[in-house]
Amino acid sequence: MRVRGRAAGADAQAPPRPGPWRHGRILAVLSALAALLLVAPGVVPNTPGRLGSLLEAFLPWLGLAVVPLLTLAVLRRSALAAVAVVLPVVAWAYAFGGLLLPAAGPGPRDLVVVQHNVSDVNADPAGTARTLAAQGADLIALEELVPEALPAYASELVARYPFHEVRGTVGIWSRHPLTGTRAVDIKPEGIPGPWSRGLRTVARTPHGEVAVYVAHLPSFRLGAGGLGTARRDASARLLGRALDAETTGPVIVLGDLNSTVDDRGIAPLTSRLNVSARGFAFSFPVSFPLARIDQVMAREATVGRVRTLPETGSDHLPVTARVTLD
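Note that this is a predicted model, so its numbers are computed, not measured.

The rules behind each value
- Per chain, residue numbering runs from 1 following the sequence as it is written.
- Restriction of local features to residues with pLDDT of at least 70 applies here, the model being predicted, together with a cutoff of 80 or more for giving and counting side-chain atom pairs; totals for whole chains, interfaces and linings are based on all residues.
- No hydrogens and no water enter the side-chain calculation; it runs on all heavy atoms of the structure.
- Residue burial is assigned from relative accessible area. The probe radius is 1.4 Å, only protein chains are included, and a residue is buried under 20% of its type maximum, exposed over 50%, and partly exposed in between.
- Helix and strand assignments come from DSSP, with helices taken as H or I runs of at least 4 residues and strands as E runs of at least 2, each series counted from the N terminus.
- Note: the arc covers the axis-to-C-beta directions of the helix.
- In what follows, a contact means two residues having at least one pair of non-hydrogen atoms within 4.5 Å.
- Joining through side-chain atoms within 4.5 Å is the link that ties buried Ala, Val, Leu, Ile, Met, Phe, Trp, Tyr and Cys residues into a set, and such a set is a nonpolar core.
- A fitted line through C-alpha atoms serves as each axis, taken over the contacting stretch for helices, and the angle formed by two N-to-C directions is quoted from 0 to 180°.
- Oblique is the label for any angle not under 35 degrees, not over 145, and not in the 65 to 115 range, which are roughly parallel, roughly antiparallel and roughly perpendicular in turn.
- Any residue outside Ala, Val, Leu, Ile, Met, Phe, Trp, Tyr, Cys, Pro, Asp, Glu, Lys and Arg is labelled polar, Gly included; the first ten of those are nonpolar and the last four are charged.
- Strands were regarded as paired on the criterion that DSSP finds at least two bridges between them.

Draft legend 1. Seen up close, helix H4 (residues 66-75). Restricting attention to buried positions, one finds in H4 the residues Val66, Leu69 and Ala73. Seen from one end, H4 has its buried residues packed into an arc of 70°, which puts them on one side. When the buried face of H4 is taken as reference, the exposed residues oriented beyond 90 degrees from it are Val67, Val74 and Leu75. Close packing links the buried residues of H4 with helix H2 (25-39), helix H5 (79-84) and helix H6 (86-96).

Right, here's the structure in full:
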């Protein structure tokens, strides 16, 4: 009886269990942090290791944090944590929900464009060219063109695209005449040897002259020191300066920019150009696309929904968009 008395006394002195609104505060803070990062990733500094750019490269995927946060809230029976999970859901919808909306219909001043890094080890350039030509685009921009593959692209595309220009490893095929083509120097310091990955041309379309840039910015590597984007960012600045000097308008920029449009590293481009407000179109890597680093941007024009095309022999997926001239 004494034992029972002590147990009962101990129970009487035990602190009351917190209610559903009094525990789960850490989960609620984590939910608020996820929401903040979704709408304001710039709060994460880019030094050391370009952490800000790393977050921005995969920013849409941060929405998946809702799954473990909600699961833990249910397991802990925390009403506070469960309600707080609404914050990142709303933040994701605010930041990316518009990309899910349907595209606008075609207009009279539209140009359809295709952008594709075809890969310098593509074993089927002819098949890749046929896949791209089947889209019936006005312009096709290609990167990682190697001399031995050029004849295959030229022979497969010439019937629909009689005009084409290649500078270094980038090229453009067009249904409309091209003039004023030249290389654009976007080579950052520190890259030895020949390196030509930018061109500029003018397409004489039925809607007037359009300056078209094709660019392939340096790739980045994730290592012990973080995200190595210094050369890519320097190349983006050089391309931005070239765009500042461009007097022909409108302007369309197509390329493998090795960056998402959310990444602050290519702000010299996104601050000058319009990007698509519709479509995720994750294009890389082809085995499990995680990010769209193949971009369509424009000035004095609106970029419509970006979507991916069928897989080719490349490690990238092609992307296409409808560009409406102002």
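Here the narrative resumes.
Draft legend 2. Representation of the nonpolar core within the structure. Ile172, Val212, Leu254, Val296 and Val323 are the most contacted members of the largest nonpolar core, which totals 24 residues. Here this core takes four residues from strand E14 (residues 319-325), the largest share from any one element. By size, the runner-up hydrophobic cluster in this structure holds 19 residues, among which are Ala211, Leu217, Leu257 and Met297.

Draft legend 3. Just the packing of H2 against H6, in detail. Axis separation between H2 and H6 bottoms out at 8 Å; the angle between their running directions is 10°. Overall, the two elements H2 and H6 adopt an arrangement that is roughly parallel. Counting all contacts with H2, which are made through Ser31, Ala32, Ala34, Ala35, Leu38 and Val39, the residues of H6 involved are Leu87, Pro88, Ala91, Trp92, Tyr94, Ala95 and Phe96. Among the residues forming the contact of H2 with H6, the class breakdown is 12 nonpolar, one polar and no charged.

Draft legend 4. Inspection of the side chain of Glu56 at higher detail. When you line up the elements, Glu56 lands in helix H3 (residues 51-57). Accessibility expressed as a relative area gives 4% for Glu56, which makes it buried. Contacts of Glu56, omitting those with residues within four sequence positions, involve Pro41, Gly42, Thr260, Asp262, Asp263 and Arg264.

Draft legend 5. Just the sheet that holds strand E5 (residues 178-183), in detail. If you walk across this open sheet you meet the five strands as E5-E6-E7-E10-E11, and the pairing is mixed. In the strand order of this sheet, the two ends are held by E5 and strand E11 (294-299), each with one partner. Across the sheet, the mean angle from the axis of one strand to that of its neighbour is 15°, orientation sign disregarded. Note that strand E10 (residues 251-256) and E11 share six bridges and pair antiparallel. In the sheet register, Val251 faces E11, and the bridge partner there is Arg299. Of the strands in this sheet, strand E7 (208-216), E10 and E11 are in contact with helix H9 (residues 230-244), which crosses E7 at around 170°.

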